[in-house]
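# Inside the fold
Each chain is listed here by its residues.
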Amino acid sequence: MTRTLPPGRYTAAAKPARPKRWLVWALSAAVVVVGVIVAFVAYNKFAVSEIDSEATSFDLVSESQLDITFTVTREDPSRAAVCIVRSRSKDGSETGRREVYIAGGDSQTVKVTAPVYTSRPPAMGDIYGCSLDVPAYLTGG
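This write-up is about the structure you can find in this document. (Residues numbered from 1 in each chain as written. Predicted model: local features only at pLDDT ≥ 70, side-chain atom pairs only at ≥ 80, totals over all residues. Heavy atoms only, no water.)

### A look at the state of the cysteines
The condition is simple: Disulfides are defined in this document as cysteine sulfur pairs within 2.5 Å. Labels follow the DSSP assignment, with helices taken as runs of H or I lasting at least four residues and strands as runs of E lasting at least two, numbered in each case from the N terminus. Burial here depends on accessible area, computed with a 1.4 Å probe over protein chains only, as a share of the maximum for the residue type. Under 20% is buried, over 50% is exposed, and the range in between is partly exposed.
Overall, the coordinates contain 1 disulfide when judged by the stated rule. Disulfide pairing is shown between C83 and C130; the S-S distance is 2.0 Å. Where C83 bonds to C130 through sulfur, the torsion about that S-S bond is close to 110 degrees, and the disulfide is right-handed. Here C130 lies in strand β6 (residues 124-131) and C83 lies in strand β3 (residues 81-88), a separation of 47 residues in the sequence. Residue C83 is classed as buried on the basis of its relative accessible area, which comes to 0%.

### Description of the sheet that holds strand β1 (residues 51-62)
Let me state the cut-off plainly: Paired strands, as defined in this entry, are two strands with at least two bridges between them according to DSSP. Every angle, taken between N-to-C directions, lies between 0 and 180 degrees, and every axis is a line fitted to C-alpha atoms, over only the stretch in contact when it is a helix.
In spatial order, the strands read β1-β2-β5; together these 3 strands make up an open sheet with antiparallel pairing. Each end of this open sheet is capped by a strand with a single partner; those strands are β1 and β5 (109-117). Here the average twist between neighbouring strands, direction ignored, is 20 degrees. Judged from the 10 bridges that link them, β1 and strand β2 (residues 65-74) form a sheet pairing that is antiparallel. Looking across to β2, one finds that S62 is bridged to Q65.

### Side note on the sheet that holds β6
Ordered in space as β4-β3-β6, the 3 strands form an open sheet in which the pairing is antiparallel. Since the sheet does not close on itself, it has two edges, and those belong to β4 (94-102) and β6, each with one partner. In this sheet, adjacent strand axes meet at a mean angle of 20 degrees when their direction is disregarded. The sheet contact formed by β3 and β4 spans 8 bridges and is antiparallel.

### A few points about the nonpolar core
Most often, soluble globular proteins have nonpolar side chains that are buried together. Put simply, the rule is: Nonpolar cores are built from buried Ala, Val, Leu, Ile, Met, Phe, Trp, Tyr and Cys residues. Side-chain atoms within 4.5 Å join them into one set. In this analysis, two residues are considered to be in contact whenever any of their non-hydrogen atoms come within 4.5 Å of each other.
If you look at the biggest cluster of nonpolar residues, it comprises 15 residues, and the most contacted ones within it are I68, F70, V72, C83, V85, V100 and I102. Elements with a contribution of two residues or more to this core: β2, β3, β4 and β5. Counting residues per element, this core draws most heavily on β2, which supplies 4 residues. With sequence-adjacent residues up to four places away left out, F70 is seen in contact with E54, A55, T56, C83, V85, V100, I102, V110, K111, V112, A114 and I127.

### Overview of the packing of aromatic side chains
For clarity, the cut-off: Here a Phe, Tyr or Trp ring, Trp counted by its six-membered ring, pairs with any other such ring whose centre lies within 6.5 Å, and the pair is stacked when the planes are under 30 degrees apart, edge-to-face when over 60, and tilted otherwise. Two thresholds decide whether a charge sits over a ring: the Lys NZ or Arg CZ must be within 6 Å of the ring centre and within 35 degrees of the ring normal.
Tallying each qualifying case throughout the model produces 0 aromatic pairs. Above the ring of Y128, the side-chain terminus of R97 is found at 4.7 Å from the ring centroid.

### Considering the pattern of salt bridges
Put simply, the rule is: Salt-bridge detection follows one rule: a side-chain nitrogen of Lys or Arg within 4 Å of a carboxyl oxygen of Asp or Glu.
Taken as a whole and judged by the stated rule, the model has 6 salt bridges. In this structure, the salt-bridge partner of E50 is R79, at a minimum N-O distance of 3.4 Å. One end of the pair, E50, is in the loop between α1 (21-46) and β1; the other, R79, is in the loop between β2 and β3, and 29 residues separate them in sequence. Notably, a salt bridge pairs R120 with D91, separated by 3.4 Å at the nearest N-O pair. Of the two residues, R120 is situated in the loop between β5 and β6 and D91 in the loop between β3 and β4; the sequence distance between them amounts to 29 residues. Classification of D91 by relative accessible area gives exposed; the value is 59%. Residues participating in the shared-partner salt-bridge network are R86, R88, E94, R97 and D126.

Nothing here speaks to function; it is all geometry.
In C-alpha cells:
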C-alpha cells in the first residue's frame with residue numbers, strides 16, 4: 001500500500017541559506033574596529049602618566065585655613081607643573097581651592113605644603129589633580 005500525499009501541501013525541504021560573503025567580511029571588519037577602539041580607550045585610561053600626585057597630610061590651622069602637604073612625581077623633573085588642591089567641609093562640599101605652581105628642578109619627586117584659605121570651617125584637604133600644562137599667569141608669562 002503506497003500513500004499518496006496531496007499535491008502542493010508538502011514541499012521538499014529547503015536548503016539552509018548560506019550567509020553572503022560580503023556580510024561575513026563586514027562583520028569581521030566591525031569586530032576588528034571595535035577591538036581597536038577598546039584597546040585605545042584602555043591604553044589611555046591605564047597608561048602610565050607623565051605626572052602623579054598624592055596628598056600625604058593636612059593640618060587644620062584655623063576656621064578659615066588648612067595646610068595641605070602633597071607629593072608630586074614627574075617623569076621629566078625639569079618640567080614645571082601645576083596642582084589644584086582644595087579643602088572640604090564635613091558635608092563634603094568644597095570650601096576652598098588653590099592652584100600651586102611646582103617649578104622644574106632636579107628631583108623627580110617633590111614634597112610641597114600649601115595653605116588653602118576657606119569660606120567655611122575645613123574638615124579635610126585633598127588634591128584635585130596636577131598637570132604639566134601650566135597656565136601663563138602662574139609663570140609670569
